[in-house]
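Read off the chains here:
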Amino acid sequence: MTADLILTHFNQVFCPRDVGHPLFGKAMATATILEDGYIALKDGKILAVGQGEPDAALVGPETELRSYEGKVATPGLIDCHTHLVYGGSREHEFAKKLAGVSYLDILAQGGGILSTVRATRASDFATLYDKSKRLLDYMLQHGVTTVEAKSGYGLDWETEHRQLEVVKKLNQDHEIDLVSTFMAAHAIPEEYKGRSQAYLDEIIKDMLPRVKAENLAEFCDIFCEKGVFTAEESRYLLSKAKELGYKLRIHADEIASIGGVDVAAELEATSAEHLMMITDEGIEKLAKAKVIGNLLPATTFSLMEDTYAPARKMLDAGMAITLTTDSNPGSCPTANLQFAMQLGCFMMRLTPIEVLNAVTINAAYSVDRASTIGSFTRGKQADITIFDAPNLDYLFYFFATNLVTHVYKHGRLVLGQQ
Ligand code: NIG
Ligand code: FE
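Reading the values: the criteria
Residues numbered from 1 in each chain as written. Chains lettered and ligands numbered in written order. Predicted model: local features only at pLDDT ≥ 70, side-chain atom pairs only at ≥ 80, totals over all residues. Heavy atoms only, no water. Helix = DSSP H or I, 4+ residues; strand = E, 2+ residues; numbered from the N terminus. Buried < 20%, exposed > 50% of the residue type's maximum accessible area, 1.4 Å probe, protein only. Lys, Arg positive; Asp, Glu negative; His and termini not counted. Salt bridge = Lys/Arg side-chain N within 4 Å of Asp/Glu carboxyl O. Contact = heavy atoms within 4.5 Å. Arc of directions from axis to C-beta. Domains from an automatic or database assignment. Buried area = accessible area lost by both parts, 1.4 Å probe. Polar contact = N/O pair within 3.5 Å; in protein donor to acceptor, adjacent residues only side chain to side chain. Nonpolar A, V, L, I, M, F, W, Y, C, P; charged D, E, K, R; others polar.

**Focus: the side chain of Lys 97**
- As for its position among the elements, Lys 97 is in helix H1 (residues 94–98).
- Glu 93 is the oppositely charged side chain nearest to the buried, salt-bridge-free Lys 97, at an N-O distance of 8.0 Å.
- With residues near it in sequence (within four places) discarded, Lys 97 still touches Ser 302, Leu 303, Met 304 and Gly 330.

Structure (structure tokens):
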């Protein structure tokens, strides 16, 4: 079969291995790297990859060839944990943060997530849409082609629903593909203060079935944290969500280790998020249950904490991990996945290959899209990120600079000049 388009002469092409499940532990250190690589596309999908001059069988009279000498390519980057849709911003809390007031104290004073909830409730659809679109534009410029997006700044039906509708519309309109997560259990709304059980009952009775009926989210998530939702409450909500057919995620062990990891393992969640404070026992449990650890080093950085999630220990124990931005207006206001990837090397001592697997094939499994994205396997979507770098190590060595020059989505150039 001949290709429509062949991208040729990359200095290196990073080809993750898709073995039918996420890469666990030591397997995360493995990949195929093609020197002088090419990627052949047909109908917006991957047809073949190879080295040097493209195989003659791929080249027909209609085939277009584009040379990318001096650059490297990876599968389109996947940001598998974001709080994309929100009103307002929180730079007014920055001075408090610098003065050492903790994240949970700001929340307990009615700020933090709750301040964004007020701003989100006050924002109409168009305002939320425009703001989120702008964030997605930034993400695309930084090489991201698929994004998971959570609700959770409404904490009431009307606003949660509006957030989910924004995600749905942006998924139709924007080049980036979105995966939707329902997270009404992101905080306890002010009107339910001291009555978390009653709020959870409202979510279970009124919201979960409606979101499902309208097909507005695939995943359900909860913030299991000291002063927010307990492990027991998380188990209660997520088991109901599972019964309704949601796939599960859980924010666990971010600031305090209070049992969220056990819930993730018991309910076979797809992923557990943050895990900065996870114990050795918790790591064993997640490894055994094959729960993916979605790690968010840019959040640790932005919270100015010293303890990063113990990624190396996780790999030693055989866990699969991803790296993601956690993009949100409070604990991590950024749209740059490359920065989180670099922190994965600098602060977690991951290798470039481990990081690249984390944000491609493993992130694809984390959003349950591995049959279509995350590697250059024949037949997958031609989502390709191209960097101005002589080799893959350079992506980490030359840090805090956006090196992305071109992005292809479904085989179409959506960023950069031909
Ligand atoms: O993943 N930890 C809870 N939720 C977000 C922060 C949301 C916010 O501060 O607005 C997080 O870090
Ligand atoms: Fe988060």
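**Concerning helix H9 (residues 280–289)**
- Gly 282, Ile 283, Leu 286 and Ala 287 are the residues of H9 that are buried. Buried residues of H9, viewed axially, fall in a sector of 135°; they line one side. Of the exposed residues in H9, those oriented more than 90 degrees away from the buried face are Glu 281 and Lys 288.

**A short note on the domain arrangement of the chain**
- When cut into domains, the chain gives domain 1 (5–21 + 30–75 + 375–415) and domain 2 (78–366).
- Taken over C-alpha atoms, the centre of domain 1 sits 30 Å from the centre of domain 2.
- Where domain 1 abuts domain 2, roughly 2200 Å² becomes buried across the two surfaces, and 64% of that area is made up of carbon and sulfur atoms.
- On the surface where domain 1 and domain 2 come into contact, there are 1 salt bridge.
- The shortest N-O distance in the salt bridge between Asp 177 and Lys 409 comes to 2.9 Å.
- Between domain 1 and domain 2 we count 13 residue pairs in polar contact (both at pLDDT 80 or more) in total.
- At the level of secondary structure, the elements contributing two or more residues to the side of domain 1 that touches domain 2 comprise strand S5 (72–75), strand S14 (384–387), helix H15 (394–397), strand S15 (404–409) and strand S16 (412–415).
- A per-class count over the side of domain 1 that touches domain 2 returns 18 nonpolar, 10 polar and 7 charged.

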